[in-house]
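# Geometric and topological summary
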Amino acid sequence: MAAPAQRRIIFQHIDEPGYSNDLACYVRNGGYEVLKKSVTRPPAELIDEVKKSGLRGRGGAGFPCGVKWGLVDRKSGKPIYLIVNADESEPGTFKDRYIMHQDPHQLIEGTMISCFANNVKQAYIYIRGEMPHGARILERAIAEARAAGFVGKNICGTTYSCDIFVHRGAGAYICGEETGLIESLEGKRANPRIKPPYFPAVLGLYQCPTIVNNVETLCHVKYIAEHGGDAFTKIGTPNNTGTRIFCVSGHVQRPGYYEFEAGKITMGQLLNEVCGGPLPGRTFKAVIPGGSSAKILRFGERFKGKRKVGAEMVDYDWGVDDVPMDFDSLGMIGTMGGSGGVIVMDDTVNMVEALANINAFYSHESCGQCTPCREGSLWMKKITTRMVHGQARNEDAALLKSVADQIPGRTICAFGEACSWPTQSFIAKFGDEFKQYPETKKAAKPVGAHELV
Amino acid sequence: MIAPPKPDLVTVNIDGKEIAVPKGTNVIEAARLVNVDVPHYCYHPKLTIVGNCRMCLIEMGMPAVDPATKAPIIDPVTGKPKINWIPRPQIGCGTNVSPGLHVKTTSPMVKDAREGVMEFLLINHPLDCPICDQAGECKLQEQSTGYGRGYSRFVEQKNVKPKRTQLGPRVTLDDERCILCSRCIRFSKEIAKDDVLGFVDRGSYSTLTCFPGKQLANNYSLNTVDICPVGALTSTDFRFKMRVWFLKQTNSIDTETSVGANTVVWSREGQIYRLTPRRNDDVNDTWMPDSGRELFKSVMSADRLAATTHLDARVAQAAELFNLNASAGSIAVVGSGRSSVEEQFLTKKLAAALKASTQLVSRVGQGDQLLISADRNPNVRGALVTGLISKLPKIGDAPAASRSANGDAAVPIRTGGLTDLAASIDAGKVKVVVSIGEDLVAAGLTAAQLAKVSVVYLGTHANTSSAAAKIVFPTLSVFEKNGTFVNQQFRLQKFAKAVPGPQGATDDLIVLAKLTAAASSAAMASDLGSLWKLISAEVPAFATTSYAQLPETGILIDATPFAALPFVEGETLHYKPAAPAVALTP
Amino acid sequence: MNLKPATLHSIDEVITHYPVKRSATLPLLHLIQEDVGYLPPETCEWVAAKLELQPINVLEVITFYPMFRQKPIGRRHIKVCRTLSCALLGGYKTCEQFEKEFNTHRGEVSPGGEVTIDFVECLASCGTAPVVLIDDDLHEKVDCAKAKQLSDQIKAEAKKR
Ligand SMILES: Cc1cc2nc3c(=O)[nH]c(=O)nc-3n(C[C@H](O)[C@H](O)[C@H](O)COP(=O)(O)O)c2cc1C
Ligand code: SF4
Ligand code: SF4
Ligand code: FES
Ligand code: FES
């Protein structure tokens, strides 16, 4: 079956010749019309549209945005804050970057609509430190929008006022975790908070109710405010509404970002047709479908079970190629859609070495607060690095698995899962490769294989 | 009578045991109430909860309810309410009780979680317990035997961190042993209000540090040693001096100020090795000042007084002196706010028998709003309650040296309260002064005034007054005897004898009883049991109190008769003055 | 601390962005680092005084975030992405190429002080791997040849100074 065409809602203008990131260009293309209309509507109506739309967060967890907004404590009398999570640091993810660099006003408009809907008077965009240009572009765009009355005092001539400031991170992945982000925005080490009691919706920034949403999520809000929640549900598939941006990297012919209706394209279509298939002379070996913490899939494995299609339960029997790219299908086969980062590995890749690369990332990024993640992530890194650069032992696979099993579900934040799922899934699916590694190491590397750690 | 309001109670089930606990209690504390130990490191009852060590993981569930009727669902097999168990463990420290909460602390899930955490904590920890100073008091050592896996699977290189850093004058840090629980950081920030500790670097390389150029030097620094669950923070003074399991523990009271922090004296074979705080949630929580921990050192000092003559000979000598000055007012008794309630009671008896005037030496300094109050006497309230004095002693003048002192210097303690006595001596009325451990010169008498009187001195250490005294009765320090104090809250608290007194020293109560007997020619009790019978009979506030039944954390006594007095204390932990504190003018 | 008037002005401005001064810690550190090139030893005390904090609060932050440095670096900062997608397409070789070009090692200042090369984690441009951030500018698909070309450019610019 041929892959469907891209449906560019969010990336409509990305890479469009002649499209620039200034206000004039945005307005020429109909920009801020949705905000103008939105501020004349009752805020509750906007929240309802988002609820109706079924929009799920694009930051990784896929939590329904309307539900999140519904949890906000509106009775406390404290100000409500909105934070745009622009930390984009899950390896394999590169979508927010392009929105912010090429179409910043889209984000600002979506943010202002969300702020208006939630009676937010102050928003912050937390952008990762390694995007200095992005931060400057956003700052300039906000200044333009402020001057034009879309941000700041008396937005679009109403009595509603709300400002946005850009806040830069400084190179810590854990700032993407929403409570770590809040701590960082408060000027501290980005140590995630325990939940309970510190749910952002109740005790977030400065202990006030706070909404944290991903960049892409807020752009979808703009679309929903414009077209309505019902229209949004017509895009994508039930419970996986709207479009998804897939960031494909690694061993494919045409890596890049592609926006499709959620669930309407399969992994195989995405990788083979859209991305042009494997590099010449190579075959696909494995793919991580939702950012590096998502569990890995092995080409050749099969997934069987029953799933709901409409009102019916239907049998499915999928290879990796057959899996529809949406939250629920990927969840069903034991991994996740996450942030949309699809990392592809071909037959030149040794899985021990790939895991060693990933483990080095997570041990470097653990905030170090809680014992299982802090010690476990470094231990796994030490084992896999030793396997590659020192002595590899037959028992290392079992040890790795056991160490990884002691982490998830026992930590303060979901980094515990993020850092252990790779090891768990690599061992589960490529266990033999780990056991054989002492032998593999002695042999010559496949042609074209790169050093990974 | 109106029934006392019932605190909001919540019934929970811990390992099958039902218990009603106050709302807001966390699972660790609730479990403690049914004698279930939930191991923990980062949780400390008096600090904010951060939930970082993950040692206190428990399995938790709530009764299932029918979504339509909200009625509890009964399990058809057991006939009991069905419990929905949460599939992943939760932290006991950060989980507060809610009605119907069910907790398992020994299920396979919990055991597995603990084993995992223990293993993780140990992989980067030195395994040299036999040479660690914390051995015997280490929660890690304790719990690794209780909950650990018992062997090591870690073959990688351990992290290297700084060893033996001097964090301040009294605290030493071994970063390799630190388990990053952040208790010491939270204590410094939240309790001592001296935010100098923190973690630098990240992940497993996170390292506890004092800000370079600063020191952990505040007067509460040693509390970090007490609360460090492992051997990372140690007392520079106590380090490696003695294994704790050899030491005997005796409950005592910090005598520095009227706060009356509860303490433990650690001793062996008559020698004291250290003082540590003892938890009292109404007084000092789990803390005490560093300065109070030093107090035992004077016990062994060279200037301890020791008698060379027989006690009875000296008592007879005193009786003679008393007889020669039998007219009312020619003897003055200088009592002490450092004496115990029992001693003050006897001091009053002695003064009555001698028809002597009584006064108390005041000691007033600056409070620190925590556990050092402005009143540097531990037991002025006792003197009021026993009737030894009826009004507060006058505040002395600032010592001469301090008048030019700059702003940062500690405000010196003003010792005084003897102006009336000085006047009476100058007037030639008073001929004999009986001082209960108070140095009269330090308290404001001049050398000339001292020369005009015969001094009978009871005390522990040599000073100008003991040197000038006609008769000296060497007595015992607080560590060498039993008794009680009344702190600033009017809480009666007891202390106990930890070590024997030195040769030639006599219990103050015996000396006072003998002197009283000599002055009144009637026997006087000197043992606490008999004395307390007298005290209860004579002192209204103690009417229902008995020494034997006094709880270790003390009891509040009726303070209403003294409500109007201008006490010097400002606010400290668990104490708010009735009226604003008396301001000290320089 | 000797900061440019413009930096001081930005510092005072950015503090107004937050209802709680402490929030300005990261922005201040960025501004100081941009001005001075690194965070000199007096930074902690200076920022603490400015934001009514304790110096340790600032030190804790500086050492948590890898972008903050307490030592001077080379005139140019070459950050090569180390993470999986870049490594799969030769990120390690790219880094080695830079090291060879400037006769130095990652984490060190090159002889002559022209560059500091660092391995960093995913720069969120995995689709154009391997990527390299040189000062503020992202360079995409940096294979060895392109690394050489970028190095030559840096060297040429250095000569012009
Ligand atoms: C370790 C970790 C890293 C994360 N990194 C990011 C990130 O870089 N960007 C992001 O938007 N969300 C990230 N998240 C998810 C956020 O915590 C949060 O769920 C999200 O910002 C919510 O926005 P959404 O509901 O719009 O997706 C991360 C979560 C975890 C546990
Ligand atoms: S799970 Fe890891 S990243 Fe999250 S709080 Fe714990 S140590 Fe920090
Ligand atoms: S030194 Fe002790 S109290 Fe402080 S963080 Fe380390 S283990 Fe905890
Ligand atoms: S005691 Fe440390 S997490 Fe609960
Ligand atoms: S892995 Fe290099 S940019 Fe993402």
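Rules behind the numbers
Residues numbered from 1 in each chain as written. Chains lettered and ligands numbered in written order. Predicted model: local features only at pLDDT ≥ 70, side-chain atom pairs only at ≥ 80, totals over all residues. Heavy atoms only, no water. Salt bridge = Lys/Arg side-chain N within 4 Å of Asp/Glu carboxyl O. Helix = DSSP H or I, 4+ residues; strand = E, 2+ residues; numbered from the N terminus. Buried < 20%, exposed > 50% of the residue type's maximum accessible area, 1.4 Å probe, protein only. Core = buried A, V, L, I, M, F, W, Y, C linked by side-chain atoms within 4.5 Å. Contact = heavy atoms within 4.5 Å. Pairing = 2+ DSSP bridges. Axes fitted to C-alpha atoms, helices over the stretch in contact; angles between N-to-C directions. Domains from an automatic or database assignment. Near = heavy atom within 4 Å. Nonpolar A, V, L, I, M, F, W, Y, C, P; charged D, E, K, R; others polar.

## What about the pattern of salt bridges?
Counted according to the given criterion, the structure contains 76 salt bridges over all chains. The salt bridge partner of B:E438 is B:R363, with a shortest N-O separation of 2.5 Å. Of this pair, B:E438 sits in the loop between β19 (432-436) and α11 (447-451) while B:R363 sits in strand β17 (residues 362-364), and the two are 75 residues apart along the sequence. Look at B:R363 and you get buried, because its relative accessible area is 9%. For C:R161, the salt bridge is made with C:E114, and the minimal N-O distance between the two is 3.0 Å. Taken together, the positions of C:R161 in the segment after α7 (144-160) and C:E114 in the loop between α6 (91-102) and β2 (115-120) put the pair 47 residues apart, joining distant regions of the chain. Through salt bridges with shared partners, one network takes in A:R386, A:R393, A:E395, A:D396 and B:E156.

## Points about the nonpolar core
Ranked by internal contacts, the top residues of the largest apolar core, which has 133 residues, are A:F434, C:Y65, C:I78 and C:F98. When near neighbours in sequence (up to four residues on either side) are disregarded, C:F98 contacts C:I78, C:V80, C:I117, C:V132, C:V142, C:A147, C:L150 and C:S151. Formed by 68 residues, the second largest nonpolar core is a distinct cluster that contains A:V84, A:F94, A:I113 and A:F150.

## Observations concerning the sheet that holds strand β12 (residues 248-253) of chain B
Residues and elements named next belong to chain B. One open sheet accounts for three strands, arranged β12-β13-β14; its pairing is antiparallel. Two strands lie at the open edges of the sheet, namely β12 and β14 (271-277), each paired on one side alone. Ignoring strand direction, the axes of neighbouring strands in this sheet form an average angle of 30°.

## Section: the domain arrangement of chain C
For chain C, the domain assignment lists domain 1 (5-64) and domain 2 (76-160). The straight-line distance from the C-alpha centre of domain 1 of chain C to that of domain 2 of chain C is 29 Å.

## Looking at the site of ligand 3
Residues in contact with ligand 3 amount to 14 residues; listed here are only the nearest, B:C178, B:C181, B:S182, B:C184 and B:C228. Looking at side-chain class alone, the shell around ligand 3 contains twelve nonpolar, one polar and one charged residues.

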